[in-house]
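Report on the structure
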Amino acid sequence: KRILLNIAETTKPYAGIFTNAVFIYIKIYDKILGWDVDNKYIKPIADGLVIANVISDDNITKMSYAVTGEYSDNPHTEIYVFDSEKLNQFLENYQF
């Protein structure tokens, strides 16, 4: 609950900025070597963004996300929110 409330409070100035579907890139830094990124609990991040009205919803039609992790002596999390349409355009033009 603390994470959710911290996200909601920190992102309040960005309320209403996204009305379309979004892509959220979450970058987690931790002070442990070899940790598993899929073991991190990220649900409060999206919920906090919804509570702060930064994004309109976190259902499958309004949000997608990716999570990466890195080692750092200063554990913290960075959150980047993008309009999904821009990501979709990039992926459509990317040559695999």
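Everything in this summary refers to the structure shown in the same document. (Residues numbered from 1 in each chain as written. Predicted model: local features only at pLDDT ≥ 70, side-chain atom pairs only at ≥ 80, totals over all residues. Heavy atoms only, no water.)

Relative to the helices and strands, K27 is located in strand β1 (residues 22–30). Here Y29 takes part through its side chain, which lies 3.4 Å from a polar atom of the side chain of K27. Setting aside its immediate chain neighbours within four residues, K27 contacts T68, E70, H76, T77 and E78. (Helix = DSSP H or I, 4+ residues; strand = E, 2+ residues; numbered from the N terminus. Polar contact = N/O pair within 3.5 Å; in protein donor to acceptor, adjacent residues only side chain to side chain. Contact = heavy atoms within 4.5 Å.)

Below, the discussion takes up the nonpolar core. Counting 17 residues, the largest nonpolar core has V22, I24, L49, I55 and V81 as its most contacted members. Mapped by element, the contributors of at least two residues to this core are α1 (2–11), β1 and α2 (43–51). By residue number, the principal contributor to this core is β1, which donates four residues. (Core = buried A, V, L, I, M, F, W, Y, C linked by side-chain atoms within 4.5 Å. Buried < 20%, exposed > 50% of the residue type's maximum accessible area, 1.4 Å probe, protein only.)

Within a pair of aromatic rings, the relevant descriptors are the distance that separates the centres and the angle that separates the planes. The full count for this structure, using the stated rule, is three aromatic pairs. Taking the centre distance of 5.8 Å and the plane angle of 40° together, the rings of F90 and Y94 count as tilted. Taking NZ or CZ as reference, K40 lies 4.9 Å from the ring centre of W35, over its face. (Phe/Tyr/Trp six-rings, centres within 6.5 Å; stacked < 30°, edge-to-face > 60°. Lys NZ or Arg CZ within 6 Å of the ring centre and 35° of its normal.)

Let us now look at the sheet that holds strand β2 (residues 63–71). Strands sit in the order β2-β1-β3 across an open sheet of three strands; the sheet is mixed. Sheet topology places β2 and β3 (76–83) at the edges, where each strand pairs with a single neighbour. Pairs of neighbouring strands in the sheet enclose a mean axial angle of 15°, with direction left out of account. Examined bridge by bridge, β1 and β2 share nine bridges and lie parallel to one another. In the strand pairing of β2, Y25 is matched with A66. Where α2 meets the sheet, its contacts fall on β1, β2 and β3, and the angle it forms with β3 comes to roughly 55°. (Pairing = 2+ DSSP bridges. Axes fitted to C-alpha atoms, helices over the stretch in contact; angles between N-to-C directions.)

So, about the pattern of salt bridges. Evaluated as defined, the whole model comprises four salt bridges. Between E9 and K12 there is a salt bridge, with its nearest N and O atoms 3.2 Å apart. The residue K43 makes a salt bridge to D47 at a minimum N-O spacing of 2.9 Å. Within this pair, K43 and its partner D47 are both found in helix α2, separated by four residues, close to a single helical turn. In this structure K43 comes out as partly exposed when scored by relative accessible area, which is 46%. (Salt bridge = Lys/Arg side-chain N within 4 Å of Asp/Glu carboxyl O.)

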